[in-house]
Amino acid sequence: MSKIVVLTYVLRILGTIFVLLYFFGEGLFYNLFPGLEGMSLNPVFYSGIAFYIVGASIYYLVNKKELQNHKKEKEDEDDSN
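Residues numbered from 1 in each chain as written. Predicted model: local features only at pLDDT ≥ 70, side-chain atom pairs only at ≥ 80, totals over all residues. Heavy atoms only, no water.

A. Local environment of helix α1 (residues 3–24). Along its 22 residues, α1 runs 31 Å from first to last C-alpha, staying within 8% of the 32 Å computed at 1.5 Å per residue. Among all positions in α1, only Val5, Thr8, Leu11, Arg12, Gly15 and Val19 are buried. End-on, the buried residues of α1 take up no more than an arc of 120°, which puts them together on one face. Pointing more than 90 degrees away from the buried face of α1 are the exposed residues Lys3, Ile13 and Phe24. Contacts made by the buried residues of α1 are with α3 (42–80). (Helix = DSSP H or I, 4+ residues; strand = E, 2+ residues; numbered from the N terminus. Expected span 1.5 Å × (residues − 1). Buried < 20%, exposed > 50% of the residue type's maximum accessible area, 1.4 Å probe, protein only. Arc of directions from axis to C-beta. Contact = heavy atoms within 4.5 Å.)

As structure tokens, then:
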């Protein structure tokens, strides 16, 4: 597994954690960062969505390229037989 694929998984997991933190971890978030008490958690939610979308988009592009390379190699192998 290449480093960029691992990075995409990390981004998607981080995005999921931020979204779950928005929905279920309000008390935990304010306990960890008491100075933010009374502020909205909307930036955490939007950051989570952005991380997930970036990770999924990069994975899609990398996977698409790998599938094209694999298909091309298979066609070359079939042509040589």
